[in-house]
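The lines below spell out each chain.
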Amino acid sequence: MSTTIEEEGTTMAAAETLDTPSTVANAFVQTVQSIISSTTSKATTTSAAALASTTTTSTAAPATGTTTLSTPSSSSMTEKLSVSDLSSALQHFGIVDYLVFIAMLVVCAVIGFYFGFIEKKKKKQKGQVPADEKDGPGAAGIEERRGSEALDYLVGGRKMKVFPVSLSLVASFVSGISLLGTSTEIYVYGTQYAFILITLVISGLISWYIFLPVFCNLQLTSTYEYFELRFSKTTRLVASVLFTVTTFIWLPIVIYMPALAFNQVTGINVHIITPAVCIVCIFYTTVGGLKAVVWTDVIQTIIMVGAVIFVVIKGTSDVGGLGVVVQRNLDSGRLEWPELTFDPKVRMSTFALFVGYTAHSTYNLGCNQIITQRYMSLPNVKAMGQASLLFISGIVLLTSLTLYNGVLLYATYHHCDPLTTKLAKAKDQLVPLLVMDTLSSFPGVCGMFIAGVFSAALSSLSTALNSLAAVSLEDYIKPLCRKPLTERQTGITMRLCTVIIGIVSVALVFVVERMGTHMVQLFMMLSSVTQGPSLALFVMGMLCPRLNAKSALSGALCSFIFMTWLCTNAQLASNSGEMQNESKPVSIEGCDYQYELPLMTPKNATVTATDPASLSFFQQIYHISFMNYTLFAAIVGITFGHLSSFIFGRVALEDVDVELLAPCMRRFYRRKYASVETNESLVKSGE
């Protein structure tokens, strides 16, 4: 994984380390106390902010000492605020902001309560909920029954509407990682990453024409049931484990990102707010099932989009308009095209963006249980096609807003980099800082933005909890049961799985907190270890009909081992300084507050880049861009799968069910066998 020197350890300093509250009640009590403290100190905060605004700009101090304090100018004898005082002054999250944030959580909880208790009671009164406790054949494939507990809980009875499902797909895909991490990527490295907009469209088309039609026709609850139909039960179990590991890597990062934002604007420790908010999410997901998840996603998506649009409009107006934003980024060299090279080691090259990232997003859009489960909640293929179109359009729009927000970040802080001065203690706190800096005069708007960021996280968390419950039930628990589960047993099992998964995810936040790296890269690096082998399995299943279960498993195993080795060595190389990426220039010449300047800054750091010609063969491999990880993992898996077929043999084409192949392979398949049937009929007629 590629990181810069200044990235290391920034996340760890995001919040003061406190002991995790022993009980949930303690977390809520401390949160309420912080609210009261915030509102009572509002006058003090306002005066501190006014003091900061009256100071004049100091000249840039030399970077040779451990600390550099700006001195008052002759026109003002008032001492300037220190960076810690200014940070506290910006944390004016008022009572209205808290009310907006709490209102979002209350609405989500009410939606979960409605679908978990009120709607279910109405169905019982109408006789739509089966009362036969002995009848519990699950929710998958041809065994499903309309009105079954699992079917209703996991896929909404396959009766969901297109528009809410489309918004739920957008909310599931665009997490806090995207809302905060994408803007940070643009601020630090420039606009090359913005070309993923093209890649998202390409990946959406690939997913719809290759992977999704198969799942739509089979009507599976767990995507990984496909592998039992195509290969074997062992392959299904391996794929399910890979998905489970991927999700447990992803969830704590998703939860941690909004906690950082909340810490930046309120000062409340991440160890307090994380469990308090996640309990609400676990509640409505557990009691309400997929219907509650989808409809809370609708509310959360509206809040999320509205908050980002408000920040973009107000921030652009404050810096002087769109022309100023563009000009400042042009002057700094941030507006640039991807490097025109096919060298996989280049961080943001045309190859990395249009080939490497295509593999990564294709898996997420077409093979990920979190996404496909939403498609399976729709009644027919036509509805799925409409939802897919709205989904791709929605993520392109929202991603565009977050990308522009990164450009706006630099236009706002072009004269005083908050990362160098430690006004923002972590890279992913830049966007919350911008919000507090520009929207503090609008009561409730900061609360709406934080609610939007948490909405993105909660939608991703609730979706993942529901999807992991589906996989746990269908792939782990049911195969171990000697007798079919009753409706009551199924309901209890699914909800218990949801609660346990939620608790584990919250606990893993404290592990992610200490990883010390940029969240976008961290997620793509860790997830590729499991996503790459999974993508290889799906490709071998749908596009390689001659491969059998042993060959596919061999390929997936080789891919997993390869990616584990690659990511481990890449992280070690990054930590040692062997792998370095050049970030865009920043300035601290216009800072009007006191700050401590570390001995090493981006300006005075001596970076000794490794000569590419001196890299060994193995160094050449783990120096590849993190954007290519999933692609290389899939290539290794597919290659070794085909090589293994020379040992384990191949499957006869007539033994493969054509419905398990991608549509493009079915046409070839049918033409081939149509010609065989014609030849056989000619032979018989000749006889």
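Residues numbered from 1 in each chain as written. Predicted model: local features only at pLDDT ≥ 70, side-chain atom pairs only at ≥ 80, totals over all residues. Heavy atoms only, no water.

### Digging into the overall build of the chain
Right, on to step 1. Along the backbone of the chain there are 23 helices and zero strands.
Right, on to step 2. The burial tally for the chain puts 59% of its 687 residues in the buried class. (Helix = DSSP H or I, 4+ residues; strand = E, 2+ residues; numbered from the N terminus. Buried < 20%, exposed > 50% of the residue type's maximum accessible area, 1.4 Å probe, protein only.)

### A few points about the packing of aromatic side chains
Right, on to step 1. One pass over the structure, following the stated rule, counts 25 aromatic pairs.
Right, on to step 2. Judged by centre distance (6.5 Å) and plane angle (10 degrees), the rings of F227 and F231 are stacked. One exposure class covers both F227 and F231, and it is buried.
Right, on to step 3. Ring plane angle 70 degrees and centroid distance 6.0 Å describe the contact between W565 and Y622, whose orientation is recorded as edge-to-face. With a gap of 57 residues between them, W565 in helix α20 (residues 549-576) and Y622 in helix α21 (residues 617-622) connect regions that are remote in the sequence.
Right, on to step 4. Classification of W565 by relative accessible area gives partly exposed; the value is 30%.
Right, on to step 5. By the ring-pair criterion, three or more aromatic residues cluster together here, those being F215, Y224, Y226, F227, F231, F243 and F538.
Right, on to step 6. Above the plane of the ring of Y187 lies R334, whose end atom (NZ or CZ) is 5.5 Å from the centre. (Phe/Tyr/Trp six-rings, centres within 6.5 Å; stacked < 30°, edge-to-face > 60°. Lys NZ or Arg CZ within 6 Å of the ring centre and 35° of its normal.)

### A short note on the nonpolar core
Right, on to step 1. Within the largest apolar cluster, 175 residues are counted, with the highest numbers of intra-cluster contacts made by F101, Y226 and F391.
Right, on to step 2. Counting residues per element, this core draws most heavily on helix α11 (residues 270-319), which supplies 18 residues.
Right, on to step 3. Each residue touching Y226, except ones within four places of it in the same chain, is listed here: V214, F215, L218, L220, F538, G541, M542 and L660.
Right, on to step 4. Within the second largest apolar cluster, seven residues are counted, among which are Y153, L154, L485 and M494. (Core = buried A, V, L, I, M, F, W, Y, C linked by side-chain atoms within 4.5 Å. Contact = heavy atoms within 4.5 Å.)

### Remarks on the packing of helix α8 (residues 196-218) against helix α13 (residues 350-366)
Right, on to step 1. Running from N to C, α8 and α13 point in directions that differ by 45 degrees, and their axes come no closer than 8 Å. Relative to α13, α8 is oriented oblique. Crossing of α8 over α13 shows right-handed handedness. Here α8 contributes I196, I198, T199, L200, I202, S203, G204, I206, S207, F211, L212 and F215 to the contact with α13, which in turn contributes L353, F354, Y357, T358, S361, T362, L365 and G366. (Axes fitted to C-alpha atoms, helices over the stretch in contact; angles between N-to-C directions. Parallel < 35°, antiparallel > 145°, perpendicular 65-115°, else oblique. Left-handed = near helix turned anticlockwise from the far one by under 90°.)

### Considerations on a nonpolar patch on the surface
Right, on to step 1. There is a patch of nonpolar side chains on the surface, built from F113, Y114, F117, I118 and F283 and spanning about 430 Å² of accessible area.
Right, on to step 2. It is helix α4 (residues 95-126) that provides the largest number of residues to the nonpolar patch, a total of four residues.
Right, on to step 3. Here F117 is to be found in helix α4. (Patch = residues over 30% accessible without salt bridge, like charges linked within 9 Å, V, L, I, M, F, W, Y side chains within 5 Å. Areas by Shrake-Rupley, 256 points an atom, 1.4 Å probe, with all protein chains shown as cover. Salt bridge = Lys/Arg side-chain N within 4 Å of Asp/Glu carboxyl O.)

### Some words on the pattern of salt bridges
Right, on to step 1. A full pass over the atoms with the stated rule returns eight salt bridges.
Right, on to step 2. The closest approach of N and O atoms between R236 and E228, which form a salt bridge, is 2.4 Å.
Right, on to step 3. With a relative accessible area of 9%, R236 lands in the buried category.
Right, on to step 4. The shortest N-O distance in the salt bridge between R236 and D475 comes to 2.6 Å. With a gap of 239 residues between them, R236 in helix α10 (residues 233-266) and D475 in helix α17 (residues 445-477) connect regions that are remote in the sequence.
Right, on to step 5. Via salt bridges that share partners, E228, R236 and D475 belong to a single interconnected network.

### A few points about the side chain of T191
Right, on to step 1. You can see T191 is positioned in the loop between α7 (176-189) and α8.
Right, on to step 2. By relative accessible area, T191 is classed as buried at 11%.
Right, on to step 3. A distance of 2.9 Å separates a polar atom in the side chain of T191 from the backbone nitrogen of E336.
Right, on to step 4. Contact partners of T191, with chain neighbours within four places excluded, come to I186, R334, L335, E336 and V407. (Polar contact = N/O pair within 3.5 Å; in protein donor to acceptor, adjacent residues only side chain to side chain.)

### Considerations on helix α16 (residues 430-439)
Right, on to step 1. Most of α16 sits inside the fold, with nine of its ten residues counted as buried.
Right, on to step 2. Those residues of α16 that fall on the buried side of the exposure criterion are L430, V431, P432, L433, L434, V435, M436, T438 and L439.

### Focus: unusual backbone geometry
Right, on to step 1. Although it is not a glycine, Q219 adopts a positive phi angle of roughly 55 degrees.
Right, on to step 2. Along the chain, Q219 turns up in the loop between α8 and α9 (225-230).
Right, on to step 3. When its relative accessible area of 18% is taken as the criterion, Q219 is described as buried.
Right, on to step 4. With a phi close to 70 degrees, K422 is a non-glycine residue in the positive phi region.
Right, on to step 5. One can find K422 in the loop between α15 (381-412) and α16.
Right, on to step 6. By relative accessible area, which is 42% here, K422 ends up partly exposed.

### Concerning the state of the cysteines
Right, on to step 1. Under the counting rule described, the total for this entry stands at one disulfide.
Right, on to step 2. Between C281, a cysteine without a disulfide, and C278, which holds the nearest cysteine sulfur, the sulfur-to-sulfur distance is 6.6 Å. (Disulfide = S-S within 2.5 Å.)

### So, the side chain of N269
Right, on to step 1. Mapped onto the secondary structure, N269 falls in the loop between α10 and α11.
Right, on to step 2. A residue is classified by how much of its surface remains accessible, and N269, at 5% relative accessible area, is buried.
Right, on to step 3. A polar contact of 2.7 Å, which involves the side chain of N269, links it to the backbone nitrogen of H271.

### With respect to the confidence of the model for the chain
Right, on to step 1. Of the residues in the chain, 78% reach a pLDDT of 70 or more, and the chain-wide mean stands at 78.
Right, on to step 2. When mean pLDDT is compared element by element in the chain, helix α22 (residues 629-648) scores highest at 95, while helix α2 (residues 42-54) scores lowest at 38.
Right, on to step 3. Note that pLDDT drops below 50 for residues 130-147; the model gives that stretch 47 contacts with residues more than four away or on any other chain.
Right, on to step 4. The model gives residues 673-687 a pLDDT under 50, and that stretch makes two contacts with residues more than four places away or in other chains. (pLDDT = per-residue confidence, 0-100.)

### Things to note about α11
Right, on to step 1. For α11, which comprises 50 residues, the first-to-last C-alpha distance of 31 Å sits more than 12% below the rise-based estimate of 74 Å (1.5 Å per residue).
Right, on to step 2. The sharpest bend along α11 measures roughly 130 degrees and falls at G289.
Right, on to step 3. Across the 50 residues of α11, 38 count as buried, placing the element largely inside the fold.
Right, on to step 4. Immediately beyond the C-terminal end of α11, within one or two residues, lies G320, with a positive phi of roughly 115 degrees. (Expected span 1.5 Å × (residues − 1). Bend = angle between axes of the 7 residues up to and from the residue.)

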